[in-house]
Every structure is written in structure tokens, then in C-alpha cells.
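Next come the chains, spelled out residue by residue.
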Amino acid sequence: MTLAERAADLLRGVGVDPESLGGSGDVLACSSPIDGSELLTVRAHTDAEVAEAIAVAGEAFTQWRVTPAPVRGKLVKRLGELIGEHKEQLAGLVTIEVGKISSEALGEVQEMIDICDLAVGLSRQLFGRTMPSEREGHRLQEVWHPLGVVGVISAFNFPVAVWSWNAAIALVCGDTVVWKPSELAPLTALATSALLERAAADVGAPPGVGPLVLGGRDVGEALVDSPDIALLSATGSTRMGREVGPRVASRFGRVLLELGGNNAVVLAPSADLDLAVNSMVFAAAGTAGQRCTSLRRLIVHRSVADAATERLARAFASLPVGDPSEEGTLVGPLIRPAAAEAMQAALAEAVASGGEVLAGGEAVPVGAGGSYVRPALVRMPSQTPVVLRETFAPILYVVAYDDFDEALALHNAASQGLSAGIFTRDQAEAERFLAVADTGITNVNVGTSGAEIGGAFGGEKETGGGRESGSDAWRAYMRRSTNTINYSGSVQLAQGVHFG
Ligand code: NAD
């Protein structure tokens, strides 16, 4: 069975007709990174169809905003159930379309189920506060209200989980959601969107709560510039965020940016080396280095640098690189040939600036058509520009430090601020790292990737400052209204002002 036939089968399994995919615009190139083969014919949505989707979501919002939040939760509960029932099919599509190994693809779908669980609980906990009024017979409170239509632009490397982080929360908050997925992953998006439609029909929610629009940057820009999109949540490269952020701000829209990372681990002399190395191999090589949270920099104390790099080099050399749908593979393909070229260019630049490739970096022949590489470990004399740039491929740069302040400074030298880890048994070091590392996610004896949905997810600096998923990230999807209620029967002004 070809990958195209398999993708068609998986789509049928979630109720999507593979003969008619997408809108009526241009054909989107839809191929698999596994072998470069063409998958199915998918058409982008035209300008008019995108405008229609935004209008439909706006119309649905008028109904959805007045639906009680716990009732809205029933839609997300049903969505989570349907995703659970179709977990294997969704994960199969993730593997075919973006090349994740099966276990990681299943993990991505599990994350969707988890966020639905969280959002259902949240639907009864959209708490506001009351505060004492300084005026007698007055009550002061803040209440959270639905915001409007949320636009979600997502990246290829988490083709469905990122949408669910936004959509599950936005839907219980009373918003409707227009989703533009990566042009590299339309099939998983079509499958997911079909499940949302079914969930909406099952619980009697308006059909326009979550339309999907397919296409490239131009379709994304239509969401960016639409005054009817109250919040634009955009996940992707820092380049994209730099364009999107000011454009949304210029129309006073709200923006939530989840952009590139350049994540580091500090490996201290007291660390448990086995624990650290095992954690770092997953963080650096998992998803073939194509996670926003992938480990890209190892800042290691000079006294343990050789021991750590020897172990890492051995591990990198033995990683099974290959077809992601085959049992035992740990490193699948890069998304497209351009990613492999960018990796080779970065390695050449690293070597030219004094780096030494200790392991990996070479192309791995796995049949025809795919871009497979062995994760690279590169010792660097310092953090040269290539180290401080995010190359979206599996390269782990190693830089040595002598004292802890230097390690902290090296860590914070990156312009991105997503995820960080320290491996140490020294509690004071761990606490200092937690306090000083300027990242949105900061771990102790845990690698940089693989966050849980319970905490807020996102990063500082060029990562964009957005927070999604758990904790109080839901507030970004609502508007806050502060209310003063006067039951005293008399006019009283605050601050003791008398007027007339
Ligand atoms: P990308 O920036 O090329 O594309 C991301 C999305 O933005 C796509 O849907 C694309 O069509 C759209 N887009 C691009 N330019 C646009 C514009 N000017 N206006 C509107 N939409 C536009 O990113 P990618 O290659 O798909 O993903 C990899 C990048 O995403 C990496 O930098 C990675 O670190 C980042 N990422 C970040 C997070 C996070 O949560 N911080 C999560 C996943 C990926």
C-alpha cells in the first residue's frame, strides 16, 4: 500500500472523503517526508472562502458566547472522546505527513486528549475576583467574558496539538476558532476538523464554532489583517512572528505568539551523568530536532565535558534513523530537503568558526526521496553566531564553562527564551538557575522538551511572550470586565470626590 493510499484510508476512517479535500483554490503540494511521495490532492481556500469562514465563525460566536460555559465544556468533552476513539488514525496521519515516529505521533494526539480534559474542568472554573469597595453599599468584581473569533495559525512540527491547546481552551471560554494549519500538514488538520464538526453536531453546538482554512502565508495574512479576528494565536518561526505581531497590533488586535527556541541545558559537575545523557539524547534527537523545545546547546562544566561528550557521541552514533512508521526507529526524516540543506550549512559555518563535529551530521540513506540525517554533536570554542541561531534540525552544540556565573551568562545569551534545563545535585545551583534563566519553561534534572499540558507553555524574548495550554493561560482568550454595583441608594464618588 502506498503512503497516499494509507493516508486516504486513515481519512476515510475519521469520516473525511479523500477525493474532495479543502477549498476551491490552488492545489497545495501535499507530500510525505518519509519518501517524498505525493499524497493527496488538497486545494487551498480562496480569499472569498476565508472571508466566509471568518464570517461563519463570527455568526456562531453570537450564539456560543451566551451558551453557559459548563455547557460549552460538553463540546470539548465530546471532542476529546472522539479524538481518543480515532487516536491511531490521527497519529498515523501525523507520521505520514510530518514524519514523527509512531510513539511521538501518539504522544501528540494524547496531548490533544489531555488538553480537552483540562478544558472541560476549566469550563466550571473561569473564576473572576471580588474585591472590597471603598464605598459603602457598593460591590466591586471582575468578570471574564468571551472575546470573539480566535484565529489560530500553526506550524508543521506540531500539526494538531498546538491547535488543540488553543481551540479546547478558546471554546470553553466562549470563543469560536478559525484555524489555518501549516501548509505542510493539511491532512491531519482536515481529520481533526472533521472530528470537531462531528462533536459539534453531537452536542448541538453551532456548526461554525471551528472552521478550517487551508493555504500558505496569504491565508495566514488574511487572518492577521481581519478586524473580525479578536485574538490571533500564531505558532511558528520568529521570522513569522516579527511580521505578524506588528500587523495585528496596528489594528489593536490581540496577539499570542509562540515562536522559535534555542534551548540549552547546563550540565554541572555534580550531575547524575546517566540521567543527564539519557534526557539530553531525547531532547536533542527526538522529532529529529524539529521541536521548538529541542535541545540545541549544552553548556557543560569543563571537568565533565569529555565524559559527557563521549557518552553523547556514542548515543548519537547508535540512534536508529529511519522510516518513522517502523518499530524501533527513533529518528525519522526532516520535513523537507531544504531542512537538510540548512543543517549542512549550519554545520559548515560551525566548523568554519572553530567547531569540531564529534558525531553525526551526515545524511543517512533510507530508501529514496526522504531527507534523513544522523543527529550531530558539535564541540564549539564559544557561542558563535551559528550557535545562537535556531537551525530547525538535530544539532547539539557543546560549549564548556568554568564557573557557574559564566554558565548562566552563556545560557541567557540566546535571543530566544523558550525552554531550559539544569542537571545538578547542588540545590543552590538549581535554585539560582531557576531564578536567573530567562525562559518560560525551566527544569531541574529534566530535559528541555516534553512539557505537560497542566503548566502554561511559552517563552520569553524572541519566542514571543505568549502562554498557552494550562495554568491561567485561558485568560488570553477572554476579556475582563471590572464591575461596580451600587446597592446603597446614594451617589458616592471614589477617592472622596464631591461634585455639586
Ligand atoms: P513557519 O514560520 O514557516 O510557519 C508557521 C505558520 O505560519 C504556517 O502556518 C505558515 O503558513 C504561517 N505563516 C508564515 N508566514 C506568515 C505570515 N507572514 N503571515 C501569516 N502566516 C504566516 O514555521 P514552521 O517551519 O512551520 O515551524 C517551525 C518553527 O516554529 C520553528 O521556529 C519552531 O521553533 C517554531 N515553533 C514554535 C512553537 C512554540 O510553541 N514556541 C511550537 C512549534 C513550532
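Conventions we followed
Residues numbered from 1 in each chain as written. Predicted model: local features only at pLDDT ≥ 70, side-chain atom pairs only at ≥ 80, totals over all residues. Heavy atoms only, no water. Core = buried A, V, L, I, M, F, W, Y, C linked by side-chain atoms within 4.5 Å. Buried < 20%, exposed > 50% of the residue type's maximum accessible area, 1.4 Å probe, protein only. Helix = DSSP H or I, 4+ residues; strand = E, 2+ residues; numbered from the N terminus. Domains from an automatic or database assignment. Contact = heavy atoms within 4.5 Å. Near = heavy atom within 4 Å. Polar contact = N/O pair within 3.5 Å; in protein donor to acceptor, adjacent residues only side chain to side chain. Areas by Shrake-Rupley, 256 points an atom, 1.4 Å probe, with all protein chains shown as cover. Phe/Tyr/Trp six-rings, centres within 6.5 Å; stacked < 30°, edge-to-face > 60°. Lys NZ or Arg CZ within 6 Å of the ring centre and 35° of its normal. Pairing = 2+ DSSP bridges. Axes fitted to C-alpha atoms, helices over the stretch in contact; angles between N-to-C directions. Salt bridge = Lys/Arg side-chain N within 4 Å of Asp/Glu carboxyl O. Buried area = accessible area lost by both parts, 1.4 Å probe. Right-handed = clockwise from strand over helix to strand, strands pointing away.

Visitor: Explain the nonpolar core to me, please; I cannot follow it from the model alone.
Guide: As a rule of thumb, nonpolar side chains are buried together in soluble globular proteins. Counting residues in hydrophobic clusters, the biggest one holds 144 residues, and the most contacted among them are Leu187 and Leu267. A per-element tally of this core places helix 6 (residues 161-172) first, with 10 residues. Taken together, domain 1 (3-259 + 464-481) and domain 2 (263-444) each give at least three residues to this core, which thus spans both. Here leucine 267 is in contact with Leu273, Ala276, Met280, Leu298, Ile299, Val300, His301, Val304, Ala308, Tyr401 and Phe423, once residues within four sequence places are set aside. In this structure, Val219, Ala234, Met240 and Val248 belong to the second largest nonpolar core, which totals 19 residues.

Visitor: In this structure, what is going on with the site of the ligand? I would like to understand it.
Guide: Neighbouring residues of the ligand: 30 residues in total, closest Glu183, Ser237, Glu243, Leu259 and Glu390. Taking lysine 180, its side chain carries an N or O atom lying 2.9 Å from an oxygen atom of the ligand. With respect to the ligand, the side chain of serine 237 contributes an N or O atom lying 2.6 Å from an oxygen atom. Bound to the protein, the ligand loses 93% of the 850 Å² it would expose on its own. Elements supplying a minimum of two residues to the shell around the ligand: helix 8 (217-225) and helix 9 (238-250). For the shell around the ligand, the two domains that each supply at least three residues are domain 1 (3-259 + 464-481) and domain 2 (263-444).

Visitor: When you look at the packing of aromatic side chains in this model, what are you seeing that I'm missing?
Guide: Working definition: an aromatic ring pair is given by the centre-to-centre distance plus the angle between the planes. In this structure the tally under the stated criterion is 4 aromatic pairs. Between the aromatic rings of tryptophan 144 and tryptophan 474, the centroid separation amounts to 5.3 Å while the plane-to-plane angle is 70 degrees, which identifies the pairing as edge-to-face. In this pair, tryptophan 144 is assigned in strand 5 (residues 138-146) and tryptophan 474 in the loop between strand 20 (468-469) and strand 21 (478-486), connecting sequence segments 330 residues apart. Taking the centre distance of 4.7 Å and the plane angle of 55 degrees together, the rings of tryptophan 165 and phenylalanine 457 count as tilted. With tryptophan 165 in helix 6 and phenylalanine 457 in strand 18 (residues 456-457), the pair connects residues that are 292 residues apart, well separated along the chain. Assessed through its relative accessible area of 9%, phenylalanine 457 is described here as buried. The ring of phenylalanine 158 carries the charged tip of lysine 100 above its face, separated from the ring centre by 3.5 Å.

Visitor: Could you clarify how one ought to interpret the sheet that holds strand 10 (residues 263-267) in this entry?
Guide: Note on sheets: strands pair through backbone hydrogen bonds, and any given pair is parallel or antiparallel. One open sheet holds the 7 strands; their spatial order is 12-13-14-11-10-16-17, and the pairing between them is mixed. Of all strands in the sheet, those with a lone pairing partner are strand 12 (356-359) and strand 17 (441-444), marking the two edges. Direction aside, neighbouring strands of the sheet carry axes that sit 25 degrees apart on average. Pairing geometry for strand 10 and strand 16 (residues 419-423), over 4 bridges, is parallel.

Visitor: Honestly, the pattern of salt bridges in this entry has me stumped. Any pointers?
Guide: Once their charged atoms are close, side chains differing in charge can pair, the charge on each being opposite to the other. Evaluation of the coordinates by the stated rule reveals 26 salt bridges. The residue arginine 78 makes a salt bridge to glutamate 81 at a minimum N-O spacing of 2.9 Å. Of the two residues, arginine 78 and glutamate 81 are both situated in helix 3 (residues 69-85); the distance of 3 residues between them amounts to about one turn of the helix. A relative accessible area of 35% places glutamate 81 in the partly exposed class. When the shortest N-O distance is used, the salt bridge between arginine 425 and aspartate 272 registers 3.8 Å. One end of the pair, arginine 425, is in the loop between strand 16 and helix 14 (427-436); the other, aspartate 272, is in the loop between strand 10 and helix 10 (273-285), with 153 residues separating them in the sequence. Classification of aspartate 272 as partly exposed rests on a relative accessible area of 28%.

Visitor: Could you clarify how one ought to interpret the sheet that holds strand 4 (residues 130-131) in this entry?
Guide: If you walk across this open sheet you meet the 3 strands as 4-5-21, and the pairing is antiparallel. In this open sheet, the two edge strands, each paired with only one partner strand, are strand 4 and strand 21. Pairing analysis gives 2 bridges linking strand 4 to strand 5, with the strands arranged antiparallel. Residue pairing in the sheet places methionine 131 in a bridge with leucine 140 of strand 5.

Visitor: Explain the pairing of strand 10 to me, please; I cannot follow it from the model alone.
Guide: Every other side chain in a regular strand lies on the same face of the sheet, so the side chains alternate between the two faces. Summarising burial for strand 10: 5 of the 5 residues are buried, a large majority. The alternating pattern of strand 10 places Asn263, Val265 and Leu267 and Ala264 and Val266 on opposite faces, both of which are buried. Here strand 10 runs beside strand 11 (residues 295-301); their pairing, made up of 5 bridges, is parallel. Across the sheet, residue alanine 264 finds its bridge partner in strand 11, namely arginine 297.

Visitor: What should I look at first to understand unusual backbone geometry in this one?
Guide: Trans is the common state for peptide bonds, and a negative phi is the common state for residues other than glycine. Even without a glycine there, the phi angle at alanine 288 is positive, about 50 degrees. Mapping alanine 288 onto the fold places it in the loop between helix 10 and strand 11. One non-glycine residue, lysine 461, lies in the positive phi region at around 55 degrees. The partly exposed category is assigned to lysine 461, whose relative accessible area is 37%.

Visitor: Would you mind showing me how to read the environment of proline 375 here?
Guide: Here proline 375 is to be found in the loop between strand 12 and strand 13 (376-379). For the pair formed by proline 375 and alanine 194, sequence separation is 181 residues and the distance between their alpha carbons is 36 Å. Aside from chain neighbours lying at most four places away, what touches proline 375 is Ala285, Phe316, Leu319, Val321, Val331, Ala359, Gly360, Gly361 and Pro394.

Visitor: Looking at this model, I keep getting lost on the domain arrangement of the chain. Mind explaining?
Guide: By a widely used convention, the size of an interface equals the accessible area lost when the partners come together. The domain architecture assigned to the chain consists of domain 1 (3-259 + 464-481) and domain 2 (263-444). Once you take the C-alpha centre of each, domain 1 and domain 2 turn out to be 31 Å apart. Each partner contributes residues to the interface: domain 1 has 18 residues there, and domain 2 has 25 residues. Summed over both sides, the interface of domain 1 with domain 2 buries roughly 1,600 Å², with 60% coming from carbon and sulfur. Three residues, Ile34, Ile101 and Glu104, lead the burial of domain 1 against domain 2; their summed loss comes to 31% of the area buried on that side. Our count for the domain 1 to domain 2 interface comes out at 1 salt bridge.

Visitor: Where do I start with the pairing of strand 8 (residues 229-235) in this structure?
Guide: Across the 7 residues that make up strand 8, a large majority, 6, are buried. Alignment of strand 6 (residues 149-153) against strand 8, held across 5 bridges, turns out to be parallel. The residue of strand 8 that forms the bridge with isoleucine 153 is alanine 234. The pairing of strand 8 with strand 9 (residues 254-258) spans 5 bridges and is classified as parallel. Counterpart to threonine 235 in the pairing with strand 9 is glutamate 258. A crossover links strand 8 with its parallel partner strand 9, the connecting element being helix 9, and its sense is right-handed.

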